[in-house]
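Summary of structural features
So you can see what is in the structure, the chains are spelled out below.
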Amino acid sequence: PPELAKRFSSDPDIQTQTVFPYCMQVFIVNSSQGPTANPKIRQAINAVVDVEEISTATGQIAKMNHSLVYPFSPYYQGDKMKVYYDQKSPDKAKKLLAEAGYKNEPITLQTTSNYPNFRTSILVLSELMKAAGMNVNVDVVDWTTNASNMQRGTGTWNVSTTSFCSNPLLGPQQWRTMFYTFPQVKNDATLDAAYEKFYTSLDAGKRKEAWDVIEKQVLEQAYMIKIVDMGTINAFNKKKVDNFASFYLPRFWNVSLK
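Our subject in this report is the structure included herewith. From a predicted model like this one, the values you see are computed outputs, not experimental measurements. (Residues numbered from 1 in each chain as written. Predicted model: local features only at pLDDT ≥ 70, side-chain atom pairs only at ≥ 80, totals over all residues. Heavy atoms only, no water.)

1. Section: empty space enclosed by the protein
Applying the stated rule across the entire model yields 1 cavity of 30 Å³ or more. Lining the largest cavity we find N46, H66, M81, Y84, Y85, D86, L219, M224, I225 and K226. With 3 residues, the single largest contributor to the lining of the largest cavity is strand β6 (residues 224–237). Looking at the lining of the largest cavity residue by residue, the classes come out as 6 nonpolar, 2 polar and 2 charged. (1 Å grid on protein atoms, 1.4 Å probe; cavity = no way out; pocket = protein on both sides within 12 Å on 5 of 7 lines; lining within 4 Å. Points joined across faces, edges and corners; volume = space filled by probe spheres on them. Helix = DSSP H or I, 4+ residues; strand = E, 2+ residues; numbered from the N terminus. Nonpolar A, V, L, I, M, F, W, Y, C, P; charged D, E, K, R; others polar.)

2. Considerations on helix α10 (residues 204–220)
When the terminal C-alpha atoms of α10 are compared, their 24 Å separation across 17 residues agrees well with the 24 Å that a helix rising 1.5 Å per residue should span. Backbone nitrogen of G205 and a side-chain oxygen of the N-cap are separated by 3.0 Å at the start of α10; the cap is D203. A222 sits one or two positions beyond α10 and adopts a positive phi of about 55°. (Expected span 1.5 Å × (residues − 1). Polar contact = N/O pair within 3.5 Å; in protein donor to acceptor, adjacent residues only side chain to side chain.)

3. A few points about the packing of aromatic side chains
Scanning the model with the defined rule gives 16 aromatic pairs in all. Their ring planes at 50° and their centres at 5.3 Å tell us that F236 and F244 sit as a pair that is tilted. For the pair F236 and F244, one class covers both residues: buried. Through a chain of ring-to-ring contacts, the aromatic side chains of Y75, Y180, Y195, F198 and Y199 assemble into a single cluster. A cation over a ring is seen here: K63 above F20, with NZ or CZ 4.4 Å from the ring centre. A cation over a ring is seen here: R251 above F247, with NZ or CZ 4.1 Å from the ring centre. (Phe/Tyr/Trp six-rings, centres within 6.5 Å; stacked < 30°, edge-to-face > 60°. Buried < 20%, exposed > 50% of the residue type's maximum accessible area, 1.4 Å probe, protein only. Lys NZ or Arg CZ within 6 Å of the ring centre and 35° of its normal.)

4. A short note on the layout of surface pockets
For the largest pocket, the calculated volume is near 550 Å³. What lines the largest pocket is a set of 21 residues, and nearest its centre among them are Y22, Q60, Y115, N117 and M230. Listed by contribution, the elements that provide at least two residues to the lining of the largest pocket are α1 (2–5), β1 (14–29), α5 (116–131), β5 (159–164) and β6. Among the elements that make up the lining of the largest pocket, the one with the highest residue count is β6 (4 residues).

5. Let's talk about the pairing of strand β3 (residues 106–112)
The element β3 is extensively covered by neighbouring structure, given that 6 of its 7 residues are classed as buried. What joins β3 to strand β4 (residues 135–141) is α5, and the crossover it makes is right-handed. (Right-handed = clockwise from strand over helix to strand, strands pointing away.)

6. With respect to the packing of helix α2 (residues 39–48) against helix α4 (residues 90–100)
Here α2 crosses α4 at 170°, and the two axes come no closer than 8 Å. When the axis of α2 is compared with that of α4, the two are roughly antiparallel. Across the interface between the two elements, K40, I41, Q43, A44, A47 and V48 from α2 touch P90, K92, A93, L96, L97, E99 and A100 from α4. Split by residue class, the contact of α2 with α4 holds 9 nonpolar, 1 polar and 3 charged. (Axes fitted to C-alpha atoms, helices over the stretch in contact; angles between N-to-C directions. Parallel < 35°, antiparallel > 145°, perpendicular 65-115°, else oblique. Contact = heavy atoms within 4.5 Å.)

Rendered as structure tokens:
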């Protein structure tokens, strides 16, 4: 963590590396359970998100980015997805809630204390949602339970949060399982058809067109709500270690002890 890394500043033997990009943090919205089975409720939750307020509260290394891939990716769409990002609009959320026929049903945000930044993000989101008139419960569980519930659709949660690391680096094919599994997406003909086009086309242009549809559908339907691109800090003893290169996970190819 950045605060702990300051301990190394007085030690000339310790080399720190800021690794960026590291992972992407998103909110996961359960599309198959309770109020969030209604897309307008999911969109209302997205409408209240204030990315700067969330990332400041967590204290993590972060950059704002509206996309589910990085700007250097061949699938990056420029500013097309900005409309779904960092909306900070409780008024829009209230309008969507009215259109959805929201009757103050409880919306459960599940998180874990094992990862303080995840817990903090959910706590900030809960206050943003309450300000827009949503009835919010926060459920704090251990990470194993939290992760299992997201992957299997178990539990009574409506919103949770996690980060993905290899997926945004590797692109659409690596995202596919996550898009369907974590938000519990079922019977989405638009998403199904776009992935069918992606996997059956050898033309790079058509694969990009398919990704355009995929990313828009995921963000527009608020299956996932993008928060930030995260960074991390590595540290090593430069008097003892040779050739330690920065990467999103520590790797030791060609690394040796002096």
